[in-house]
Amino acid sequence: MGAQVPASTYRLQISEDFDLFEATRRLPYLYDLGVDWVYLSPLLAAAPGSNHGYDVIAFDHVDHARGGAEGLAALSQEARRLGLGVLVDIVPNHVGVATPMENAWWWDVLRRGQASPHARAFDIDWDFGGGRLRVPVLGDDDVPVDGGPIGHLEVVGDELRYHDQRFPIAFGTADDLGRDGVDATTVHDRQHYELVGWRRADDELNYRRFFAVNTLAGVRVEEADIFAATHAEIGRWFTEGLVDGLRVDHPDGLRDPRGYLEDLARLTGNAYVLVEKILEPGEELEPSWATAGTTGYDVLALLDRVLTDPAGQGPLDALETRLRGAPLDWEQLVLERKRDVADHALRSETNRIVRELPPSVVEDLALQPSVPEEPAARLSTTESGAETLQDAVAELLACFPVYRSYLPEGRAHLDEAFDRARRHRPDLVPVIDRLAPVLGDPEAPAALRFQQTSGMVMAKGVEDCSFYRSSRLTSLNEVGADPGVFSVTPEEFHEAMSTRQREWPHAMTTLSTHDTKRSEDVRARITVLAELPGIWEEALDSLLSLVPLPDAGFGALLWQAILGAWPASVDGAPPCDLRDRLHGYAEKAMREAGDHTLWTDPDTAYEDAVHAAVDAVFDDPETQQVLTSLVEQVAAAGWSNALAAKLVAITAPGVVDVYQGSELWEQSLVDPDNRRPVDCDLRSRILEEVRKDGVPARPTTPDDGGAAKLLVTHAGLRLRRDRPELFEGYTALEGQGEAADHVLAFDRGGAITVVTRLPAGLAQRGGWGETTIELPPGRWHNVLDGAGVDIGSSGTVKLGELMAHLPVALLVKED
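Since this is a predicted model, take the numbers as computed values, not measurements. (Residues numbered from 1 in each chain as written. Predicted model: local features only at pLDDT ≥ 70, side-chain atom pairs only at ≥ 80, totals over all residues. Heavy atoms only, no water.)

*Asks:* Go over the overall build of the protein chain with me, naming the residues and quoting the values.
*Replies:* What the protein chain contains, in helices and strands, is 28 helices and 25 strands. Seen through its principal axes, the protein chain has C-alpha atoms that stretch 95 × 60 × 55 Å. Within the span of the protein chain, comprising 815 residues, buried residues form 61% of the whole. For the protein chain, the share of sequence-separated contacts (at least 6 apart) that also reach a separation of at least 24 residues comes to 74%. Carbon and sulfur atoms form 49% of the exposed surface of the protein chain, whose accessible area is close to 30000 Å². (Helix = DSSP H or I, 4+ residues; strand = E, 2+ residues; numbered from the N terminus. Buried < 20%, exposed > 50% of the residue type's maximum accessible area, 1.4 Å probe, protein only. Contact = heavy atoms within 4.5 Å. Areas by Shrake-Rupley, 256 points an atom, 1.4 Å probe, with all protein chains shown as cover.)

*Asks:* Explain the packing of helix H19 (residues 520–527) against helix H24 (residues 621–651) to me, and be specific about the residues and the numbers.
*Replies:* Where H19 meets H24, the axes come as close as 7 Å, and the angle between the chain directions of the two elements is 125 degrees. Classified by the angle their axes make, H19 and H24 are oblique. Handedness of the crossing formed by H19 with H24: right-handed. Here Glu520, Asp521, Ala524, Arg525 and Thr527 of H19 come into contact with H24, specifically with Val631, Val634, Ala635, Gly638, Asn641, Ala642 and Lys646. Residues belonging to the contact of H19 with H24 are distributed by class as follows: five nonpolar, three polar and four charged. (Axes fitted to C-alpha atoms, helices over the stretch in contact; angles between N-to-C directions. Parallel < 35°, antiparallel > 145°, perpendicular 65-115°, else oblique. Left-handed = near helix turned anticlockwise from the far one by under 90°. Nonpolar A, V, L, I, M, F, W, Y, C, P; charged D, E, K, R; others polar.)

*Asks:* Tell me what's going on with the state of the cysteines, and back it up with residues and numbers.
*Replies:* For the structure shown, the criterion picks out zero disulfides. Between Cys399, a free cysteine, and Cys465, which holds the nearest cysteine sulfur, the sulfur-to-sulfur gap is 17 Å. Of all cysteine sulfurs, the one in Cys680 lies closest to Cys576, which takes part in no disulfide; the gap is 19 Å. (Disulfide = S-S within 2.5 Å.)

*Asks:* How would you sum up a negative patch on the surface? Please name residues and give values.
*Replies:* Taken together, the side chains of Glu491, Glu492, Glu495, Glu734 and Asp741 make up a negatively charged region of the molecular surface. Along the chain, the position of Glu734 falls in the loop between strand E17 (731–733) and strand E18 (735–736). (Patch = residues over 30% accessible without salt bridge, like charges linked within 9 Å, V, L, I, M, F, W, Y side chains within 5 Å. Salt bridge = Lys/Arg side-chain N within 4 Å of Asp/Glu carboxyl O. Lys, Arg positive; Asp, Glu negative; His and termini not counted. Charge placed at Lys NZ, Arg CZ, Asp CG, Glu CD.)

*Asks:* Could you give an account of the sheet that holds strand E14 (residues 293–294), naming the residues involved and the relevant values?
*Replies:* Across the sheet, eight strands lie side by side as E14-E13-E12-E3-E2-E1-E16-E15; this open sheet has parallel pairing. The strands lining the two open edges of the sheet, one partner per strand, are E14 and strand E15 (508–509). Sheet analysis places strand E1 (residues 8–12) next to strand E16 (residues 655–659), joined by four bridges and oriented parallel. Among the inter-strand pairings, Thr9 is bridged to a residue of E16, identified as Asp657. Taken strand by strand, helix H2 (residues 68–82) contacts strand E2 (37–40) and strand E3 (85–90), and its axis lies near 145 degrees from that of E3. (Pairing = 2+ DSSP bridges.)

*Asks:* Give a detailed account of unusual backbone geometry, specifying residues and quantitative values.
*Replies:* Geometrically, the link from Leu407 to Pro408 is a cis peptide bond, its omega value of 5 degrees lying close to zero. Its location among the elements puts Pro408 in the loop between helix H14 (385–399) and helix H15 (411–424). One non-glycine residue, Asp146, lies in the positive phi region at around 50 degrees. Mapped onto the fold, Asp146 is located in the loop between strand E5 (133–138) and strand E6 (153–156). The exposed category is assigned to Asp146, whose relative accessible area is 81%. Here Leu758, not a glycine, exhibits a phi torsion of approximately 55 degrees, which is positive. With respect to the helices and strands, the residue Leu758 is situated in the loop between strand E20 (751–756) and helix H27 (759–764).

*Asks:* Quick rundown of the sheet that holds strand E11 (residues 213–218)? Include the residues and the values.
*Replies:* In any sheet, the strands associate via hydrogen bonds between backbone groups, in a parallel or an antiparallel arrangement. Strand order in this open sheet of three strands is E4-E11-E10, and the pairing throughout is antiparallel. Two strands lie at the open edges of the sheet, namely strand E4 (94–96) and strand E10 (209–210), each paired on one side alone.

*Asks:* Kindly report on the confidence of the model for the protein chain, identifying the contributing residues and their values.
*Replies:* Mean pLDDT over the protein chain stands at 94; residues scoring 70 or higher make up 95%. Scored below 50 in pLDDT, residues 367–382 makes 37 contacts in the model with residues more than four places away or belonging to other chains. Residue range residues 694–699 is modelled with pLDDT below 50. Its contacts to residues more than four positions away, or to other chains, number 17 contacts. (pLDDT = per-residue confidence, 0-100.)

*Asks:* Give a description of the side chain of Arg675 that names residues and reports values.
*Replies:* Among the structural elements, Arg675 can be located in the loop between E16 and helix H25 (680–690). A polar side-chain atom of Arg675 sits 3.2 Å from the main-chain carbonyl oxygen of His514. Setting aside anything within four residues of it in sequence, one finds Arg675 in contact with Gln13, His52, His514, Asp515 and Tyr659. (Polar contact = N/O pair within 3.5 Å; in protein donor to acceptor, adjacent residues only side chain to side chain.)

*Asks:* With reference to specific residues and values, describe the pattern of salt bridges.
*Replies:* Counted according to the given criterion, the structure contains 73 salt bridges. Taking the shortest distance from any N to any O, the salt bridge between Asp108 and Arg112 comes out at 3.6 Å. One end of the pair, Asp108, and the other, Arg112, are both in helix H3 (residues 104–112), four residues apart, so they sit about a helical turn from each other. Asp108 gets classed as buried once you look at its relative accessible area, which sits at 15%. Relative accessible area serves as the criterion here: at 34%, Arg112 is assigned to the partly exposed category. The partner of Glu159 in a salt bridge is Arg161, and the shortest N-O contact between them spans 2.8 Å. For Glu159, a relative accessible area of 5% corresponds to the buried category. Through salt bridges that share partners, Arg339, Asp343, Asp391, Glu395, Arg425 and Asp427 make up one connected network.

*Asks:* Explain the side chain of Thr453 residue by residue, including any values.
*Replies:* On the secondary structure map, Thr453 appears in helix H17 (residues 445–463). Non-local contacts of Thr453, meaning those with residues more than four positions away in its chain, are made with Glu349, Ile353 and Leu397.

*Asks:* Describe the environment of Leu717, naming the residues involved and giving the relevant values.
*Replies:* Summarising the element assignment, Leu717 is placed in helix H26 (residues 707–722). Expressed as a C-alpha distance, the spacing of Leu717 and Val743, which sit 26 residues apart in the sequence, is 22 Å. Beyond its immediate chain neighbours, meaning those up to four positions away, Leu717 contacts Ser8, Leu33, Gly34, Val35, Ile650, Val656 and Val658.

*Asks:* Tell me about the environment of Met803, residues and numbers included.
*Replies:* Topologically, Met803 is positioned in the loop between helix H28 (799–802) and strand E25 (808–813). Non-local contacts of Met803, meaning those with residues more than four positions away in its chain, are made with Val754, Val755, Thr756, Trp768, Val808 and Ala809.

*Asks:* Describe the packing of aromatic side chains, naming the residues involved and giving the relevant values.
*Replies:* Considering all chains together, one arrives at 12 aromatic pairs under this definition. Look at Phe210 and Phe211: their rings are 4.2 Å apart centre to centre, the planes differ by 20 degrees, and that puts the pair in the stacked class. Of the two residues examined, Phe210 and Phe211, each falls in the buried class. These aromatic residues form a ring-pair network of at least three members: Trp106, Phe122 and Tyr207. Seen from the ring of Tyr39, Arg11 lies directly overhead, with NZ or CZ sitting 4.8 Å from the centre. Positioned over the ring face of Phe128 is Arg134, at 4.8 Å from the centre of the ring. (Phe/Tyr/Trp six-rings, centres within 6.5 Å; stacked < 30°, edge-to-face > 60°. Lys NZ or Arg CZ within 6 Å of the ring centre and 35° of its normal.)

*Asks:* Run through the environment of Thr516, naming residues and quoting values.
*Replies:* Positionally, Thr516 belongs in the loop between E15 and H19. Remark: the alpha-carbon pair of Thr516 and Val479, spanning 37 residues in sequence, is separated by 6.0 Å. Among all residues touching Thr516, those that are not within four sequence positions of it are Tyr297, Leu300, Glu478, Val479, Leu511, Arg523, Leu669, Val670 and Asn674.

*Asks:* Which residues make up helix H21 (residues 552–565), and what values do they have?
*Replies:* Here H21 is 14 residues long and its end C-alpha atoms lie 20 Å apart, about the 20 Å a rise of 1.5 Å per residue gives. The buried count for H21 comes to 13 of 14 residues, which makes it a mostly enclosed element. Sitting at the head of H21, Asp551 places a side-chain oxygen 2.9 Å from the backbone nitrogen of Gly553. (Expected span 1.5 Å × (residues − 1).)

*Asks:* Outline the pairing of strand E7 (residues 159–162), supporting the account with residue identities and numerical values.
*Replies:* Sheet topology places E6 next to E7; four bridges connect them, and they run antiparallel. Its bridge partner lying in E7, Glu154 is registered against Arg161. Linking two consecutive strands that pair antiparallel, namely E6 and E7, is a turn of two residues; a positive phi of about 65 degrees is found at Gly157 within it. The turn linking E7 back onto strand E8 (residues 165–168) is made up of two residues, and His163 within it adopts a positive phi angle of 50 degrees.

*Asks:* Tell me about the nonpolar core, and please be specific about residues and values.
*Replies:* Side chains of a nonpolar character, in soluble globular proteins, are inclined to be buried together. Ranked by size, the top nonpolar core spans 130 residues in total, and within it Leu40, Leu133 and Trp237 carry the most contacts. Ranked by the residues each element gives to this core, the list is headed by H24, at nine residues. Aside from chain neighbours lying at most four places away, what touches Leu133 is Trp106, Val109, Leu110, Ile124, Trp126, His192, Tyr193, Glu194, Asn206 and Tyr207. Formed by 105 residues, the second largest nonpolar core is a distinct cluster that contains Phe450, Tyr468, Val522 and Ala539. (Core = buried A, V, L, I, M, F, W, Y, C linked by side-chain atoms within 4.5 Å.)

Written out as structure tokens, the structure is:
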């Protein structure tokens, strides 16, 4: 059976506060907006109070708090009535174990250990734990000393209680102790689990996690019976016709992503499936996978960069060098941060790779101790061959150029990692050479474990750290993007889109997600700084003078975030929740950067100085004046960039996703800010106004409340859904004249997109002038403003006339 394919999707975050019944009530609005499929966040039962759903605790039912089976049935029925498809996000890699009693499988493993029928479902190294599962929950003051008791641990009925956490007592392990004054530590020592200090998770954990999140335990869906048990409810959705497609979260964490996707195809009847796969520049998705493509971060990176002025790279590089006191070497920064992750936050995973090496590797090396370049920061290599192997494995993880390989596919990436590691650590060459045949063997346990781990190291080292230590132009610091790539030319963009149309026409295109570091319109405004680097430098110097920060480089990152999130209208007070949102962002950004303060060891003085800068923009008139003056100078160009990005995303090859609420201005920052509730009623009212009397409105200012963006979204989505035959090809179009560099245009096979790029520079040169674009002859209709465009024998139209009302146009022939 061939898969149904959406023309577009609209992502909804389903939660207890916005459940499936509320989502059902909003489907008519989505249909009127022009959406083809509704796209839902994870629906399976999640941890109590979870507002995202990625911490699944049961696989056999839809979360009752999110509406349950009845809610999904209601939504599906309404979607069918409207002609909408349904796409659902699923999480096969891990489950939530923060509250053990809520996860029946985990609870049973804690109670019965390896004898539990669910023990095989979890990726546990029982031997390393001495037959016990290590649970890192103890606070520093409660860790037993010299065989002493565990603090705050008590027996309550048939459970062990540690503060508000509950753990089962194995059958028969406390019967001989009586109930009066029973020693909780003695009972604990008889269990199949061991409660350990939270700090031991870094290097002594014995179960696979999602990244470094101890409360998300890995699941072994590569085993057929475990796949069946974890996907029975998902299979029901397709058997009963409730759902049409799936988005697979974090496939890189799985032992065998290809095999998993094949299993999923059999389960769903070859339904439409997307994978949340991050591709590095130049990397390609495995064409043999049973998927329609990625979730679109690769296109996001290209779109941001084709709208970025390459002339800004030099001045912005110089500014960052001045602020930091030295040039920032992005490649070296990434290598160091990944190495730090492999040595610390994910050292447990590094150690496990070594434990899964053949014993002969350790025995045959007969290594002499070597001294690393930075003894305090690296694993010790002075005690045993195993520790030297840990050093070498960590180095290979740090040097891996992409998220992971899928041996035998991706062998070139593994070879590159070995070459880089040899160059960087010549002292480890004999060890690295000994590891090469093992880690290159597609069947070797250590190689399979290495592949599951390298993506975690990349994500933690780059997305969750390095992105917060680079502030040249933070619109480039986005999931799936390489901040080292400053811009791409229109020609490079067109080439990539032509390839996409040919090879991955049904992959997703996105601008904002629940995981983006900055939403689309924040990035669109920050991008303008590449066109106005002098204005930005002057404003930043003033802000850092008014509110000094201990790290000026981080200050540049912080002020870009504030600039991006600040309202376009400078009249009146900013939104009442903006101060708290910016404080939340500042805390997360500086702790993720990790160079001055940490989640686990906050530096109060440093953090107070950063928070003072946030408060100053609200409380100090002079500071606020500098910021609002800067906003006034970039808002119009940012507005133009936002409309351009939205229209290109909707009309370019692929299936566009509109993240909830982003049909209006989307100025959210990193999660949880980007998961805030959306005012659906407001959007419905504005859509009604845009569609009034069948004549599109013509809003033309950045502070229009988002009407222009909703107009572009509505017109583009509706055309994609209702006229699919207009989007079956891709031909690049070029401008002619003095401002030709400021246009990006393409013909999809009957629908023509024309957008402005580098709008600040266009304004500085006085507009389009006589610049034209060549179009096929005939009478064309701009669906954004209703204007007709006659293309005569000259075959051209002036861009100043075509985009007189909006900086973008979407054309179709009137016939």
